[in-house]
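# Coordinate analysis (summary)
For reference, the chains in residue letters:
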Amino acid sequence: MTIDFSKFADGLVPAIVQDARTKSVLMLGYMNEEAYSKTLDSKRVTFYSRSKERLWTKGEESNNYLDLIDIKIDCDQDSLLVLAEPTGPVCHKGTDTCWGERNLPQYGFFSHLEDVIRDRKDNPEDNPNSYVASLFKKGINKVAQKVGEEAVEVVIEAKDDNDLLFLNESADLIFHLMVLLRAKGFGLRSVEKTLIARHK
């Protein structure tokens with residue numbers, strides 16, 4: 001499928017830029033056919049600047065380039081999804097995105113759970129009846145012990161045919177591992193970075 005630049009009088013199509021790894025939406029720009037070709041050839045995201053009235057490679061002044069990973073064309077062939085790796089802040093105001101948001105990986109509910117665990121560790125007095133806060137209070141040995149216990153239970157349930165019990169024990173293991181990671185000053189991002197390094 002090829003982009004249909006003729007759909008718009010000015011020959012410009014919207015190009016939504018998304019971080020290829022975190023999936024955060026970074027910015028919106030516009031490409032004409034020349035900017036699109038230059039992006040493909042140079043592997044650096046290039047737009048047509050309506051204010052400058054010329055091609056503009058993101059980062060040409062700041063060195064905060066967007067290295068191209070892939071470009072997807074939508075079903076109507078009149079907009080682009082640009083997957084890129086940013087080499088620095090994307091917005092000219094110095095923020096990660098043009099919406100002022102931090103460009104951090106998101107893991108769905110796991111990210112929410114990680115925030116809750118962090119809060120229970122940092123503010124135990126706000127949640128005196130919290131199981132997680134009580135675990136942190138008992139110290140690293142107790143947290144590590146719970147991970148070991150849950151790991152054994154996962155292995156036991158894996159040998160049986162009760163999927164519900166297996167999933168419940170797996171959830172317990174992941175939950176307690178997240179608590180242990182926070183107790184050690186780490187999070188899911190730290191594990192992800194380790195896996196990415198190994199993958200290379």
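The numbers attached to residues start from 1 for each chain and follow its sequence in the written order. Two thresholds apply to this predicted model, a pLDDT of at least 70 for residue-level local features and 80 or more for giving and counting side-chain atom pairs, whereas whole-chain, interface and lining totals are computed over all residues. Side-chain descriptors were evaluated using all non-hydrogen atoms of the structure, hydrogens and water having been removed beforehand.

## Quick notes on the overall build of the protein
- The helix and strand inventory of the protein stands at 6 helices and 6 strands.
- Under the scheme used here, helices are H or I runs from DSSP no shorter than 4 residues and strands are E runs no shorter than 2 residues, and both carry numbers assigned from the N terminus. Going from the N terminus to the C terminus, the protein shows its helices and strands as β-β-α-β-β-β-β-α-α-α-α-α.
- Each principal axis of the C-alpha distribution contributes one length, and for the protein these read about 65 × 40 × 30 Å.
- Out of the 200 residues belonging to the protein, those deemed buried represent 36%.
- For the protein, restricting intrachain contacts to residue pairs at least 6 apart in sequence, the fraction spanning at least 24 positions comes to 47%.
- Computed with the Shrake-Rupley method and a 1.4 Å probe, the accessible areas treat only the protein chains shown as cover for residues. A total accessible area of about 12,500 Å² is found for the protein, and carbon and sulfur atoms account for 52% of it.
- For the purpose of charge, His is not counted, nor are the chain termini; Lys and Arg are scored as positive and Asp and Glu as negative. By convention, the point assigned to a charge is CZ for Arg, NZ for Lys, CD for Glu and CG for Asp. Between the averaged position of the 27 positive side-chain charges in the protein and that of its 33 negative side-chain charges there is a distance of 7 Å. Each residue gets one of three labels from its accessible area relative to the maximum for its type: buried under 20%, exposed over 50%, partly exposed in between, using a 1.4 Å probe on protein chains only. Throughout, a contact is declared for two residues whenever any of their heavy atoms are within 4.5 Å.

## Digging into the environment of Gln106
- Mapped onto the secondary structure, Gln106 falls in the loop between β6 (80-86) and α2 (109-122).
- Separated by 27 residues in sequence, Gln106 and Ser79 place their C-alpha atoms 25 Å apart.

## Overview of the sheet that holds strand β1 (residues 13-19)
- When DSSP locates at least two bridges between a pair of strands, those strands are taken to pair. As summarised here, the arrangement of the 4 strands in space is β2-β1-β6-β5, forming an open sheet in which the pairing is mixed. Lying at the two open borders of the sheet, with one neighbouring strand each, are β2 (25-31) and β5 (66-73). On average, adjacent strands in this sheet sit at an angle of 30° to one another, irrespective of strand direction.
- In this structure, β1 lies alongside β6, joined through 5 bridges in parallel fashion. Bridged to Asp19 within β6 is Ala84.
- Throughout, an axis means a line fitted to C-alpha atoms (over the contacting stretch in the case of helices), and angles, computed between N-to-C directions, take values from 0 to 180 degrees. Helix α1 (residues 33-42) contacts β2, β5 and β6 of the sheet and is inclined by roughly 120° relative to β5.

## Examining the domain arrangement of the protein
- As far as domains go, the protein holds domain 1 (13-86) and domain 2 (109-198).
- All domain edges in this entry derive from an automatic or database-based domain assignment. A separation of 39 Å is found between the C-alpha centroids of domain 1 and domain 2.

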